Amino acid sequence: MKKTILLTLTLIAFLQLTFAQKTPTQLKKKMTLQMPRKAEDEFSGTRGAAVVWNPKTKRYYASYAGNGGFPMAVFTKKGKRVSNDDLTTQMDTRGLWYNKNNNQIEGNAYSDNGWFYYELDKEGIPTTIQTIFEGMYQPDEQSFGMYNPIDNMVFFKGEDNLVSIYNRETGEEADLLYLYKGDDEDEIDFSQYRSSIVIVDGELGLLNDQIMQIDFFSDKNGKHTRSAKLPEGTKIADLLSFSYANGYIWILDDETRSWNGFKL
């Protein structure tokens, strides 16, 4: 009798765990980073590149994509902007990340503009930009890179379910990863994901902007692991504008010109 009860409880726990893994986590907005300039201003930008957390300076770095004259902004942990209105990206940015192996804010740019990093002043504000690699060190012109500090690799989402992995030290392509659905799950339409990619504790996150859901995949074997749902009515710019930093999913609302943070 006791053995039967134990088996039943074990089965129930297994089913509850399985159900929990398949049910998306519901995210809630907890922070806002208000970007400078107004929509009607020249070189104001409309599409977000990324939000980066620098644990050394204790600052957030938020950037637009599309032109070196577009805004970049630096914020405190609580979301207060500490940079001037005239701070710019200095580069047609796509991906942006913090490299904890050398304490640098790094990124990749549009097309063959290569990879770069920012030099910071004593207040943690970007001053000049330096080149890491000059040339086409990414799958295509619009590729958005994200850094994995554990493997010292940069990940780029490719066509459909393909992810290209580049070596941070050489800039050369090192591996390919194919993403796929988990057991007993519906087929995944990879064409619905944005080109932006996030990395969270050994998982790759992609945003399905048709249903505003983030699906996570193992960065080792590509299998779907879990999902997280953004609140109904969440607004996002038409391209890119999806990021992760310091425990938050960040979405750029191009109407309010703010990066909204959803606690993951």
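The paragraphs below set out a description of the structure included in this document. Here the structure is a predicted model, which means the values were calculated and not measured. (Residues numbered from 1 in each chain as written. Predicted model: local features only at pLDDT ≥ 70, side-chain atom pairs only at ≥ 80, totals over all residues. Heavy atoms only, no water.)

1. Topic: the sheet that holds strand β16 (residues 213–218)
- In spatial order, the strands read β1-β17-β16-β15-β14; together these five strands make up an open sheet with mixed pairing. At either end of the open sheet lies a strand with only one pairing partner, and these are β1 (25–26) and β14 (198–200).
- Both β16 and strand β17 (residues 224–229) contribute to a ladder of five bridges, which runs antiparallel. Within β17, the residue paired with isoleucine 214 across the bridge is alanine 228. (Pairing = 2+ DSSP bridges. Helix = DSSP H or I, 4+ residues; strand = E, 2+ residues; numbered from the N terminus.)

2. Some points on the pairing of strand β5 (residues 72–75)
- Residues Met72 and Val74 point to one face of β5 and Ala73 and Phe75 to the other, with burial holding for every one of them.
- One ladder, built from four bridges, connects strand β4 (residues 59–65) with β5; its direction is antiparallel. Its bridge partner being in β5, tyrosine 60 is matched across the sheet by phenylalanine 75.
- Between β4 and β5, which pair antiparallel and follow one another directly, the connecting turn spans six residues, one of which, glycine 66, has a positive phi of 125 degrees. (Buried < 20%, exposed > 50% of the residue type's maximum accessible area, 1.4 Å probe, protein only.)

3. Regarding a negative patch on the surface
- Where like charges cluster on the molecular surface, the negative patch consists of Asp112, Glu134, Asp140, Glu141, Glu159, Asp160 and Asp189.
- Along the polypeptide, aspartate 112 turns up in the loop between β7 (104–109) and β8 (115–120). (Patch = residues over 30% accessible without salt bridge, like charges linked within 9 Å, V, L, I, M, F, W, Y side chains within 5 Å. Areas by Shrake-Rupley, 256 points an atom, 1.4 Å probe, with all protein chains shown as cover. Salt bridge = Lys/Arg side-chain N within 4 Å of Asp/Glu carboxyl O. Lys, Arg positive; Asp, Glu negative; His and termini not counted. Charge placed at Lys NZ, Arg CZ, Asp CG, Glu CD.)

4. Some words on the nonpolar core
- Counting 40 residues, the largest nonpolar core has Leu96, Phe155, Val163, Leu179, Ile197 and Leu204 as its most contacted members.
- Tallying contributions element by element places strand β11 (residues 153–157) first for this core, with four residues.
- With residues near it in sequence (within four places) discarded, leucine 204 still touches Phe155, Val163, Leu177, Leu179, Ile197, Val198, Ile199, Asp215, Phe216, Phe217 and Asp219.
- If you look at the next biggest cluster of nonpolar residues, it comprises 17 residues, including Tyr64, Phe70, Phe75 and Ala245. (Core = buried A, V, L, I, M, F, W, Y, C linked by side-chain atoms within 4.5 Å. Contact = heavy atoms within 4.5 Å.)

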